[in-house]
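Spelled out, the chains give:
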Amino acid sequence: MRLLQLLLALLFVAAGVVFGALNPQTTLLDFYYLHQSVGVGVALLIALLIGALLGGMAISIGVVWPLKRKLRLAQKRQAQPLTATYPHSDDDPATAALVQPRV
C-alpha cells in the first residue's frame, strides 16, 4: 500500500513539473500590500494547497469534531456499570414480578 502511495505521489509531482514547464508565463499575485510575480504553475499550486488546507479544516470542524464527541460520549456510556442502566426491581412493580420468583 505504501508503495502505491509513493508512486501516486511521484506521479503527481511529475505532472506538476510538466505543468510548470509547459506554462512558463508569469503572473502577478496582489495581496494588497504585497505584490509578487510568480509563474502560472506556482500560482496554481499555491491556490491548490490553500484550497486543500481550507477544505480540510472545514471538514474537520464540521464532521470530524462532532463525530469524535459522539464517540467519546458513547465510550463513556459503555464504560458505566450495567446496573446503573437498568431499573431496580424495587422501583418498578412490573419488573419486580419478573425478577422475583413466585412462592
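The paragraphs below set out a description of the structure included in this document.

Definitions and cut-offs
Residues numbered from 1 in each chain as written. Predicted model: local features only at pLDDT ≥ 70, side-chain atom pairs only at ≥ 80, totals over all residues. Heavy atoms only, no water. Helix = DSSP H or I, 4+ residues; strand = E, 2+ residues; numbered from the N terminus. Buried < 20%, exposed > 50% of the residue type's maximum accessible area, 1.4 Å probe, protein only. Areas by Shrake-Rupley, 256 points an atom, 1.4 Å probe, with all protein chains shown as cover. Patch = residues over 30% accessible without salt bridge, like charges linked within 9 Å, V, L, I, M, F, W, Y side chains within 5 Å. Salt bridge = Lys/Arg side-chain N within 4 Å of Asp/Glu carboxyl O. Lys, Arg positive; Asp, Glu negative; His and termini not counted. Charge placed at Lys NZ, Arg CZ, Asp CG, Glu CD. Pairing = 2+ DSSP bridges. Expected span 1.5 Å × (residues − 1). Bend = angle between axes of the 7 residues up to and from the residue. 1 Å grid on protein atoms, 1.4 Å probe; cavity = no way out; pocket = protein on both sides within 12 Å on 5 of 7 lines; lining within 4 Å. Points joined across faces, edges and corners; volume = space filled by probe spheres on them. Nonpolar A, V, L, I, M, F, W, Y, C, P; charged D, E, K, R; others polar.

A count of helical and extended segments in the protein chain gives three helices and two strands. Seen in sequence order, the protein chain has helices and strands lined up from the N terminus as α-β-β-α-α. When each of the 103 residues of the protein chain is scored for burial, the buried share is 4%. Accessible surface, the protein chain as shown: approximately 9,500 Å² in total, 70% of it carbon and sulfur.

A few words on a positive patch on the surface. On the surface, Lys68, Arg69, Lys70, Arg72 and Lys76 cluster together into a patch of positive charge. Following the sequence through the fold, Arg69 ends up in helix α2 (residues 40–79).

Here the phi dihedral of Tyr32 falls at roughly 65°; this positive angle occurs in a residue that is not glycine. With respect to the helices and strands, Tyr32 occurs in the loop between β1 (26–30) and β2 (35–39).

Turning our eyes to something else, we now look at the pairing of β1. Note on strand geometry: in a regular strand, side chains alternate between the two faces of the sheet. Of all five residues that make up β1, zero are buried, and the element is exposed over most of its length. The sheet contact formed by β1 and β2 spans five bridges and is antiparallel. Bridge assignment links Asp30 to a residue of β2, and that residue is His35. Count of turn residues in the β1/β2 antiparallel hairpin: four residues, of which Tyr32 carries a positive phi of about 65°.

The subject of this paragraph is α2. In this model α2 runs 56 Å from its N-terminal to its C-terminal C-alpha over 40 residues, within 8% of the 58 Å that 1.5 Å per residue would give. Of all bends in α2, the biggest is about 40°, found at Ser60.

Next up on the list: a nonpolar patch on the surface. Nonpolar side chains collect at one region of the surface, where Val42, Ile46, Ile50, Leu54, Met57, Ile59, Ile61, Val63, Val64, Trp65 and Leu67 lie side by side and expose about 1,000 Å² of accessible area between them. Look at Ile59 and you get exposed, because its relative accessible area is 52%.

Counted as a void, the largest pocket has a volume near 200 Å³. As for the largest pocket, its lining consists of Gly16, Phe19, Gly20, Gly41, Val42, Leu44, Leu45 and Leu48. By residue number, the principal contributor to the lining of the largest pocket is α2, which donates five residues. Residues belonging to the lining of the largest pocket are distributed by class as follows: five nonpolar, three polar and no charged.

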